[in-house]
Structures are given as C-alpha cells and as structure tokens.
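Close look at the chain arrangement
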Amino acid sequence: MDDNKVAVLLEDLQAQFRTFGEGLEGLKDELTDFRKDTNRRLNNLENKVTNLSIEFKTLQTDNQRDHKLIMQAIKETDTEVQKLKRIK
C-alpha cells in the first residue's frame, strides 16, 4: 500500500475516533446531569417520606391520647348511668 494512502487512512481513523470520543463525552455529560437530577429527586422523596413518618407518629400519639380520653369518658358515662338506674 502506498504511504499516502496509509496516511489518509490513519487520518480518517483518527477523525472517526475523535468524533466517537466527542460523542462519548457528550453522553457522559448527559449521564452526569441525569444522575444529578435523579439524586436530587431521590433526596426530595427521602425528605418527604421522613416528614410523613414524623407526621404519622404524631398522629398515632394523638390518636392514642384521644382513645384513652374517649375510653375514660365512656367509663364515666357508664358510672353515671349506673347511678341513675339505682336512683329510679
């Protein structure tokens, strides 16, 4: 093969590799942006889940307190009903 043809072939290969490398670099940038966006969204979801968990625990505590108060009111009402029955 002629030296000129080899030189042209090598230059063509170099240009193709350069183009391929630039394409890979662009893809890398896109993946980096995608990963940053995904991490940001995941962090937001983690924060929301944490907040919901705290809110749920607060509601659970409130519910337990309200349940005790209702049970106490029922017992007091039952006692009053028993007293009224004795009076009749």
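An account of the accompanying structure is given in this report.

Procedures and definitions
Residues numbered from 1 in each chain as written. Predicted model: local features only at pLDDT ≥ 70, side-chain atom pairs only at ≥ 80, totals over all residues. Heavy atoms only, no water. Helix = DSSP H or I, 4+ residues; strand = E, 2+ residues; numbered from the N terminus. Areas by Shrake-Rupley, 256 points an atom, 1.4 Å probe, with all protein chains shown as cover. Lys, Arg positive; Asp, Glu negative; His and termini not counted. Charge placed at Lys NZ, Arg CZ, Asp CG, Glu CD. Patch = residues over 30% accessible without salt bridge, like charges linked within 9 Å, V, L, I, M, F, W, Y side chains within 5 Å. Salt bridge = Lys/Arg side-chain N within 4 Å of Asp/Glu carboxyl O. Buried < 20%, exposed > 50% of the residue type's maximum accessible area, 1.4 Å probe, protein only.

Let us look at the overall build of the chain. Helix and strand content of the chain: 1 helix and 0 strands. Each principal axis of the C-alpha atoms in the chain carries an extent, and together these give about 125 × 15 × 10 Å. For the chain, the accessible surface area stands at approximately 8700 Å², while carbon and sulfur atoms represent 57% of it. Charge centroids of the chain, computed over 16 positive and 17 negative side chains, lie 20 Å from each other.

On to a negative patch on the surface, then. A contiguous patch of negative charge on the surface is contributed by E22, E25, D29, E30 and D33. Within the element layout of this structure, E22 appears in helix α1 (residues 3-87). Residue E22 is classed as exposed on the basis of its relative accessible area, which comes to 52%.

As a further point, take the pattern of salt bridges. Applying the stated criterion across every chain, the model contains 4 salt bridges. The partner of R65 in a salt bridge is D62, with the nearest N and O atoms 3.2 Å apart. Residue R65 and its partner D62 are located together in helix α1, separated by 3 residues, close to a single helical turn. On the accessibility criterion, R65 (46% relative accessible area) is partly exposed. The residue K83 makes a salt bridge to E80 at a minimum N-O spacing of 4.0 Å. With a gap of 3 residues between them, K83 and E80 both fall in helix α1, about one helical turn apart. Residues joined in a network through salt bridges with shared partners are D62, R65 and D66.

A surface patch of nonpolar side chains, about 630 Å² in accessible area, is lined by M1, V6, L9, L10, L13 and F17. Turning to its location among the elements, L13 is positioned in helix α1. Its relative accessible area of 34% is what places L13 among the partly exposed residues.

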